[in-house]
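Working through the structure, step by step
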Amino acid sequence: MTTTTKNDTEHHEGATTMATIKTYPAARRFLGTPTDYVVHLRRGEVAHQGVGQAFWFRPATAVLSEVPATDQELPVLFHAITADHQDVTVQVNVTYRFDDPVKVSQRLDFGIFPARQNAGGAQGAGAVGTGRQQVATIIGQLAQSRAVDHVATLTLTDALELGVGQVRAVLTDALRGDARLQSTGIAVLGVHVLAIRPEADVEKALQTPVRERVQAEADRATYERRALAVERERAISENELASRIELATRREQLVAQEGVNARREAEEAAAAALVEARAAAERRDIGAASKAQEVRLLGEAEAAKDAAAMAVYAGMDRGTLLALAVRDAAGALPKIDNLTITPDMLTGALAAFTQATTGGAR
């Protein structure tokens, strides 16, 4: 709440946004907010009510109450004892709303004007009503009472496993059907049980088996990952070994094939050389035969020539033959510087020449 004079403004604590009351001579001006429902009583009768109201009022005859128009959240935390005598902490959050602000202002203290006086009689500036605390007490006690009664019927294990849902259902039915809340104008919108937790030592003891099981699962998963890694490494090694064996086998086949190819090439080369040698021998044989034939033909020709010459020479006299012999031998004789002709040789030669001349003349 803010009390404003002509030049001064004072803010009230206890709410984030509250109405403003401006002070003027003999009257005051109220300016409401969009989130609060104001109820203006004049001599016990409702003069103004609603959200975002603005009106004039006289301080001597007016009472103002401001009820929140928004949904309210109330956290509740309390302890309960289970059927097996274990202490648990229950954390609840209740959402509620003021359905009938006029009735709420009449049943609970949400007054903002006039300000209450303190114990010394002085008027407390900006004092607001205790309606919120009253609502928290009413709902908190009702929720705690019903939750404690229900938790008392559950063992610790059931409370931890099923208690959240059961307590939520019990509190929802209890708070929504409570006659006091309905008569006050309070509507419970929802109940949320956030947690039911045992004492720290008990919780730690309960968590130990789960933690050990989770750790065992983690260890098992680790071992399985390691085993899988080892298996994969083994498979990789086997694949590498198989690849090496396959490569060695193919290399062996390659070497064998290269040997076969080399041997085949050598055989082909030898066969080609043999064919070449045979061809050369045949060529030599053919050449030798041809040369022998040529020599034989030449010999036969020479023989025929010699035979013809001998036949010619057979009819010649001695002098003619001698002349021919001299003629033939002249080409093969060495150089003769001096030639001595005896009379016998000259006589015979002349006689032959004469005879030849005479014969030719005839």
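Just so you know, these numbers come straight off a predicted model, no measurement behind them.

Parameters and conventions
Residues numbered from 1 in each chain as written. Predicted model: local features only at pLDDT ≥ 70, side-chain atom pairs only at ≥ 80, totals over all residues. Heavy atoms only, no water. Pairing = 2+ DSSP bridges. Helix = DSSP H or I, 4+ residues; strand = E, 2+ residues; numbered from the N terminus. Axes fitted to C-alpha atoms, helices over the stretch in contact; angles between N-to-C directions. pLDDT = per-residue confidence, 0-100. Contact = heavy atoms within 4.5 Å. Expected span 1.5 Å × (residues − 1). Buried < 20%, exposed > 50% of the residue type's maximum accessible area, 1.4 Å probe, protein only. Salt bridge = Lys/Arg side-chain N within 4 Å of Asp/Glu carboxyl O. Phe/Tyr/Trp six-rings, centres within 6.5 Å; stacked < 30°, edge-to-face > 60°. Core = buried A, V, L, I, M, F, W, Y, C linked by side-chain atoms within 4.5 Å.

Quick word on the sheet that holds strand β5 (residues 36-42)
Read across the open sheet, the four strands follow the order β6-β5-β8-β11; overall the sheet is antiparallel. The sheet is open, and its two edges are formed by β6 (45-51) and β11 (111-113), each paired on a single side. For this sheet, the mean angle separating the axes of adjacent strands, direction not counted, is 25°. Sheet topology note: the β5/strand β8 (residues 62-68) ladder contains seven bridges and is antiparallel. What sits directly across from Arg42, in β8, is Ala62.

A closer look at the confidence of the model for the protein
Averaged over all residues, the pLDDT of the protein is 83; the fraction at 70 or higher stands at 84%. No element of the protein has a lower mean pLDDT than strand β2 (residues 9-11), which averages 35, and none a higher one than strand β10 (residues 87-98), which averages 96. Of the regions scoring below 50 in pLDDT, residues 1-15 engages in 34 contacts with residues more than four places distant in sequence or in other chains. The low-confidence segment residues 117-127, where pLDDT is below 50, has 17 contacts with residues more than four positions distant or belonging to other chains.

A look at helix α2 (residues 131-151)
For an α-helix, 3.6 residues make a turn, and residues three or four places apart therefore share a direction. Compared with the 30 Å implied by 1.5 Å per residue over 21 residues, the 30 Å span of α2 between its first and last C-alpha is a close match. Among the residues of α2, those classed as buried are Gly131, Val135, Ile138, Ile139, Gly140, Leu142, Ala143, Ala147, His150 and Val151. Where the residues of α2 are buried, they touch β9 (72-81), β10, α3 (156-176), α4 (179-184) and β12 (186-198).

Let's talk about the pattern of salt bridges
By the definition in use, this model includes nine salt bridges. Note that Glu203 is salt-bridged to Arg197, the shortest N-O span being 2.9 Å. Take Glu203: its relative accessible area is 16%, and that puts it in the buried class. Of the residues examined, Arg197 reaches a relative accessible area of 47% and is grouped as partly exposed. As a salt-bridge pair, Glu217 and Arg220 come within 2.6 Å of each other at their nearest N and O atoms. With Glu217 and Arg220 both in helix α5 (residues 200-314) and three residues apart, the pair spans about one turn of that helix. Several salt bridges share partner residues, and in doing so they unite Asp71, Arg97 and Asp99 into one network.

Details of the environment of Phe57
Following the sequence through the fold, Phe57 ends up in strand β7 (residues 54-57). Considered as a pair, Phe57 and Ala26 are 31 residues apart in the sequence and their alpha carbons are 9.4 Å apart. Excluding anything up to four places from it in sequence, Phe57 contacts Ile21, Ala27, Arg28, Arg29, Phe30, His40, Ala62, Leu64 and Phe113.

Focus: the packing of aromatic side chains
Scanning the entire structure with this criterion turns up six aromatic pairs. Measuring from centroid to centroid gives 5.6 Å for Tyr96 and Phe98, while their planes differ by 85°, and the two rings are edge-to-face. Both residues of the pair, Tyr96 and Phe98, count as buried. Among the aromatic side chains, those forming a connected cluster through ring pairs are Phe30, Phe55, Phe57 and Phe113.

Examining the nonpolar core
Counting residues in hydrophobic clusters, the biggest one holds 31 residues, and the most contacted among them are Val90, Val92, Phe98, Val135, Ile139, Leu175 and Leu181. Residue contributions to this core peak at seven residues, all from α2. In contact with Phe98, not counting residues within four places along its chain, are Val67, Pro68, Gln72, Val104, Phe110, Val135, Gly185 and Ile186. Core analysis: the second largest hydrophobic core is formed by 10 residues, Ala19, Phe30, Ile112 and Phe113 among them.

What about unusual backbone geometry?
With an omega of -5°, the peptide bond between Phe113 and Pro114 qualifies as cis. Relative to the assigned elements, Pro114 resides in the loop between β11 and α2. Its identity as a non-glycine residue notwithstanding, His85 has a phi of 60°, on the positive side. Within the secondary structure, His85 is located in the loop between β9 and β10.

Things to note about the sheet that holds β9
One key point about sheets: their strands pair by backbone hydrogen bonds, in either a parallel or an antiparallel sense. Taken in spatial order, the three strands line up as β9-β10-β12 in an open sheet, and their pairing is antiparallel. Each having just a single partner strand, β9 and β12 make up the two edges of the open sheet. For this sheet, the mean inter-axis angle between neighbouring strands, taken without regard to orientation, is 20°. Here 11 bridges tie β10 to β12, and the two strands are oriented antiparallel to one another. Its bridge partner being in β12, Phe98 is matched across the sheet by Ile186.

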